[in-house]
Amino acid sequence: MIPAATIPAATIPAAPPRRYGGPVPITRGFTGRPRRGRPGRVPPGQYDTGADWPTLTAEVTPHLVPDEWTMTVDGLVDNPYTWTWRDVHALPGSTYFGDIHCVTTWSKLDVTFGGVSVDTLLDIAHPRPGAAFVMAHSTTGYTTNLPLDDLRGDKAWIVWEYDGRPLPVEHGGPVRLLVPHLYFWKSAKWITRLELMESDRPGFWEQNGYHDRGDPWLEQRYQGDP
Amino acid sequence: MTGLAEETRAPIGGWTTGTLVEMDRDDRLVRLRLDVANRVDHLPGQHYVLRLRAEEGYTASRSYSVASDPADPLLELMVECLPGGEVSGFLHDEARPGDVFELRGPIGGWFVWHGDTPIVCIGGGTGVVPFVSMLRHARRIGAERLIRVCAVGRSRAVLPYADELLAAGAFVALTRENLDGRVAAPPYLDELEPLVAGAERAYVCGSVGFASYATRLLGEAGVPTAAIRVEQFGETG
């Protein structure tokens, strides 16, 4: 087997272009910047932002006081539960090391977040059999919807640390949801509540044209994408 | 009820193509006017994704706010050439009339104005672009009294659409040079207050640092947080 890093970029099959009737135009004269990183590491249509971490926010950045913040899991659960800042810190800690992908086309590689696995919260709240979707709510009123399966199985976290330091407020500090295998708008900043639901309903960006699931490897950016 | 929970509705368009019909540029900005196939008319404030495609299939795409009025037969984008900008640099240096680009849009149902609500807008640098669309729209439908714009730039030469903004009655604050009698400075609270009076909603567009400054100023001017809509951009536009 050839190590991926030795395969020239040109031999990596490109994702088939989306169909819209006519032929896909090649941009005259465009070659693009030198491909960075390992081929295949960045999902289609994304680029490696390197050390930068751009922000995307639709609202005024709030200033949360940790002592006044709480985290609730409710809806279709047997044991609706609310944790304080101190409570979540007393739960077994969990760390994510890997990549994140924003729908605005940047990906950031090899980042570390620390907090608690959403599994830990769900184990306490105990979802009912009918629960299939989750609405994540922020203190600001921001919402985003996710399939429950995308929050289970060591795939999602409630995080308050970035690279070993407190999460900066512009990136959702003091605490945010982290669902790194989906586009980053699903990782709601200033998370305060996970509401388990039987059927899906669109959150904030989803009502405004963005995809209900948001898998970066399938380029599920907007409503109507596969 | 928070602003974020407010019902929004806006047109959404899928992937299509646009042919570059007209363009002009200076050393930093390029204005593109495109003929869009099967166009879905946008609302002022919405954006498009523009995608470049290399021979072997590599693509790069970025989002750009629309500057044109929905009734304009062409779609107008104003792009700032960023240092090392893969897409903006190509558009600025290489694009020429006749080129065909992949476009997707309009997109976004939050940062839009239907032309029926009194609003105040604060834009920094290329953050003025969606407000140019709103002003053009207001003028066409006779809704100029509903929109007030504060445009902030370093100098008259580098502020996009500076002349058009001034002619449309926007308040322009230049931070690095004097403008008529006004000494170079960011907008002051007492300059913003008359613009804010009577507005039911505020729109802020600009860099992360600018958006943070502008939302704080709006708060000091008495605008509730829930009435402020923000569109901010980092390196990605």
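Here the structure is a predicted model, which means the values were calculated and not measured.

Caption draft 1: Highlighting the overall build of chain B. For chain B, the count of helices and strands is five helices and eleven strands. Expected size for 237 residues packed as a compact globule is a radius of gyration near 18 Å; at 17 Å, chain B falls within 12% of this value. Along the three orthogonal principal directions, the C-alpha set of chain B runs to about 55 × 40 × 30 Å. Counting the 237 residues in chain B, one finds 49% classified as buried. Contacts in chain B between residues at least 24 apart in sequence constitute 65% of all its contacts with a sequence separation of at least 6.

Caption draft 2: Representation of helix H2 (residues 118-125) of chain A. Residue and element names in this part refer to chain A. The set of residues buried in H2 consists of Val118, Leu121, Leu122 and Ala125. Looking down the long axis of H2, one finds its buried residues gathered within 95° of arc, a one-sided arrangement. On its buried face, H2 sits against strand S2 (70-75), strand S3 (81-84), strand S5 (106-117) and strand S8 (157-162). Directly beyond the C-terminal end of H2, a positive phi value near 60° is found at His126.

Caption draft 3: Molecular detail of the sheet that holds strand S1 (residues 15-25) of chain B. Residue and element names in this part refer to chain B. Spatial strand order, S4-S3-S6-S1-S2-S5: six strands in an open sheet with antiparallel pairing. Strands with a single pairing partner mark the edges of an open sheet, and in this sheet they are strand S4 (59-65) and strand S5 (75-80). When the angles between neighbouring strand axes are averaged without regard to direction, this sheet yields 40°. Pairing of strand S3 (residues 47-53) with strand S6 (residues 100-107), which is carried by four bridges, proceeds in the antiparallel orientation. When the bridges of S6 are listed, Arg51 appears paired with Glu102.

Caption draft 4: How the structure looks around the sheet that holds S3 of chain A. Residues and elements named next belong to chain A. Strand order in the open sheet made by the five strands is S3-S2-S11-S6-S7, with mixed pairing throughout. Both outer strands of the open sheet, S3 and strand S7 (143-147), are each paired with one neighbouring strand and no more. Averaged over neighbouring strand pairs, the angle between their axes works out to 15° when direction is ignored. Sheet topology note: the S2/S3 ladder contains four bridges and is antiparallel. Across the sheet, Val73 pairs through a bridge with Tyr81, a residue of S3.

Cut-offs used in this document
- Within each chain, residue numbers correspond to sequence positions counted from 1 in written order.
- Ligands are numbered from 1 and chains lettered from A, in the order in which they are written.
- pLDDT decides what is reported in this predicted model: residues at 70 or higher carry local features, side-chain atom pairs at 80 or more are listed and counted, and totals for whole chains, interfaces and linings draw on all residues regardless.
- Note on conventions: DSSP H or I runs of at least 4 residues are helices, E runs of at least 2 residues are strands, and numbering of each starts at the N terminus.
- Throughout, radius of gyration means the C-alpha value; the globule benchmark is 2.2 Å times the number of residues raised to the power 0.38.
- Partly exposed residues are those whose C-beta has more than 12 but fewer than 20 other C-beta atoms within 10 Å; 20 or more makes a residue buried and 12 or fewer makes it exposed, with C-beta atoms placed from the backbone.
- Any residue pair is listed as a contact if its two C-beta atoms, each placed from the backbone, are within 7 Å.
- Working note: the arc is built from the helix axis to C-beta atom directions.
- Two strands make a pair as long as DSSP finds a minimum of two bridges between them.
- Where helices are involved, their axes are fitted lines through C-alpha atoms of the stretch in contact, as for all axes, and angles between N-to-C directions lie from 0 to 180°.

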